[in-house]
Amino acid sequence: MNYLAHAYRHLDRPEPERRWFVAGLACPDWLSVSDRRSRLREKHVRPHLEDADPARRAFAAGVLRHLADDAWFHETRAFYEVTGTISRMYRDLIGPDDHARTGFLGHITAEMLLDTTLIEDDPTLPDRYYALIDALAPEQIQAHARAMCPRPIARLAEFVTMFGRSQFLRDYTDTDRLTFRISQVCRRARLEPLPEGAGKMLAEALKTVRASRDALLDGEIQPRR
């Protein structure tokens, strides 16, 4: 799941600390970009559900919900089918010899396009999402994450600031800008950026994700073979 798929059902929660819950939902993905060696693990996060600070409790609950969402989502039948279809589209685009790259691209593209469909259904989602995140101090987000991670965390606050300024989730509904964003992910992963023609392929991939949107969000677990 990407940022909005994790968060869209929680943006209007009545709790006063819901913004910290939403930040917790995002934090594992923020760390995967800002500090790839640091991870928030359930065994280190769960004790903070009893913290005296209500903001830290909500943040921990959001992190745990993210971990549970990912564990479920990546095992659904729809995820296997959609990522497989998009990976084949990438193989047609960039060649059949790089299965690792096309599998990675199929995975991240399916998740990003799922956010695209959510924005299509409710164009207010980015506004409401960023309003909650922007109301928080990045340094405090880093402090909460640091309390739950055995490794030092140094760049998270800096990344959260950039995340709020760039508001790149708004780019997901424009094929050219989405192509640029996926190429950025490729560069971070030390892969070649997307080639010419990727925008047309992404438009077709969006149709695949849109057709399976409900199954991706509420689908069945793929039986193990």
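Residues numbered from 1 in each chain as written. Predicted model: local features only at pLDDT ≥ 70, side-chain atom pairs only at ≥ 80, totals over all residues. Heavy atoms only, no water.

## A look at a positive patch on the surface
Turning to step 1, where the next piece is worked out: On the surface, a cluster of positive charge is made up of R36, R39, R41, K43, R188 and R190.
Turning to step 2, where the next piece is worked out: Following the sequence through the fold, R188 ends up in helix α10 (residues 175-188). (Patch = residues over 30% accessible without salt bridge, like charges linked within 9 Å, V, L, I, M, F, W, Y side chains within 5 Å. Areas by Shrake-Rupley, 256 points an atom, 1.4 Å probe, with all protein chains shown as cover. Salt bridge = Lys/Arg side-chain N within 4 Å of Asp/Glu carboxyl O. Lys, Arg positive; Asp, Glu negative; His and termini not counted. Charge placed at Lys NZ, Arg CZ, Asp CG, Glu CD. Helix = DSSP H or I, 4+ residues; strand = E, 2+ residues; numbered from the N terminus.)

## Considering the packing of aromatic side chains
Turning to step 1, where the next piece is worked out: Inspection of every chain in the model, using the stated rule, returns 12 aromatic pairs.
Turning to step 2, where the next piece is worked out: Relative to F163, the ring of Y130 has its centre 5.6 Å away and its plane inclined at 45°; by these criteria the two rings are tilted. Residue Y130 is found in helix α7 (residues 125-134), and its partner F163 is found in helix α9 (residues 156-166); the two are separated by 33 residues along the sequence. Of the two residues, Y130 and F163, neither departs from the other in class, the shared state being buried.
Turning to step 3, where the next piece is worked out: Relative to Y172, the ring of F168 lies with its centre 6.4 Å away and its plane at 35°, an arrangement referred to as tilted.
Turning to step 4, where the next piece is worked out: Members of the aromatic cluster, connected to one another through ring pairs, are Y3, W30, Y129, Y130, F159, F163, F168 and Y172.
Turning to step 5, where the next piece is worked out: Stacked on the ring of F21, the Lys or Arg R13 has its end atom at 4.0 Å from the ring centre. (Phe/Tyr/Trp six-rings, centres within 6.5 Å; stacked < 30°, edge-to-face > 60°. Buried < 20%, exposed > 50% of the residue type's maximum accessible area, 1.4 Å probe, protein only. Lys NZ or Arg CZ within 6 Å of the ring centre and 35° of its normal.)

## Here's the deal with the pattern of salt bridges
Turning to step 1, where the next piece is worked out: Overall, the coordinates contain 14 salt bridges when judged by the stated rule.
Turning to step 2, where the next piece is worked out: E42 is the partner of R46 in a salt bridge, and the nearest nitrogen-oxygen pair spans 2.8 Å.
Turning to step 3, where the next piece is worked out: Residue class for R46 comes out partly exposed when judged on its relative accessible area of 41%.
Turning to step 4, where the next piece is worked out: E42 gets classed as partly exposed once you look at its relative accessible area, which sits at 44%.
Turning to step 5, where the next piece is worked out: Salt bridges here are not isolated pairs; linked through shared partners, they connect D171, D174, R177 and R181.

## Brief notes about helix α8 (residues 138-147)
Turning to step 1, where the next piece is worked out: Buried within α8 we find P138, I141, Q142, H144 and A145. Along the axis of α8, the buried positions cluster into a sector of 160°, meaning they face one direction only.
Turning to step 2, where the next piece is worked out: Elements in contact with the buried residues of α8: α2 (18-34), α4 (54-73) and α9. (Arc of directions from axis to C-beta. Contact = heavy atoms within 4.5 Å.)

## Quick notes on the state of the cysteines
Structurally, a disulfide amounts to a covalent bond that connects the sulfur atoms of two cysteines.
Turning to step 1, where the next piece is worked out: Tallied over the entire structure, the rule returns 0 disulfides.
Turning to step 2, where the next piece is worked out: Looking at the unpaired C149, the closest cysteine sulfur is the one in C27, lying at 9.0 Å. (Disulfide = S-S within 2.5 Å.)

## What to know about the environment of R46
Turning to step 1, where the next piece is worked out: In this fold, R46 is placed in the loop between α3 (42-45) and α4.
Turning to step 2, where the next piece is worked out: Between the C-alpha atom of R46 and that of A60, which follows or precedes it by 14 residues, the distance is 6.8 Å.

## Considering α7
Turning to step 1, where the next piece is worked out: For α7, the set of buried residues is L125, P126, Y129, Y130, L132 and I133. In a view along the axis of α7, the buried residues occupy a sector of 155°, so they form one face of it.

## A word on the layout of surface pockets
Turning to step 1, where the next piece is worked out: Taken as a whole, the largest pocket encloses approximately 1000 Å³ of empty space.
Turning to step 2, where the next piece is worked out: What lines the largest pocket is a set of 33 residues, among which D29, S32, V33, V185 and R188 lie closest to the centre.
Turning to step 3, where the next piece is worked out: At the level of elements, α2, α4, α6 (99-121), α9 and α10 are the ones that each hand at least two residues to the lining of the largest pocket.
Turning to step 4, where the next piece is worked out: Tallied by class, residues from the lining of the largest pocket come to 15 nonpolar, 8 polar and 10 charged. (1 Å grid on protein atoms, 1.4 Å probe; cavity = no way out; pocket = protein on both sides within 12 Å on 5 of 7 lines; lining within 4 Å. Points joined across faces, edges and corners; volume = space filled by probe spheres on them. Nonpolar A, V, L, I, M, F, W, Y, C, P; charged D, E, K, R; others polar.)

## Description of the packing of helix α5 (residues 77-94) against helix α11 (residues 198-211)
Turning to step 1, where the next piece is worked out: Packing of α5 against α11 leaves a shortest axis separation of 10 Å and a crossing angle of 165°. It follows from the interaxial angle that α5 and α11 lie roughly antiparallel. Viewed along their axes, α5 and α11 form a crossing whose handedness is right-handed. On the side of α5, the interface is formed by V82, T85, I86, M89, Y90 and L93, while α11 contributes A198, M201, L202, E204, A205, T208 and V209.
Turning to step 2, where the next piece is worked out: When its residues are assigned to classes, the contact of α5 with α11 shows 10 nonpolar, 2 polar and 1 charged. (Axes fitted to C-alpha atoms, helices over the stretch in contact; angles between N-to-C directions. Parallel < 35°, antiparallel > 145°, perpendicular 65-115°, else oblique. Left-handed = near helix turned anticlockwise from the far one by under 90°.)

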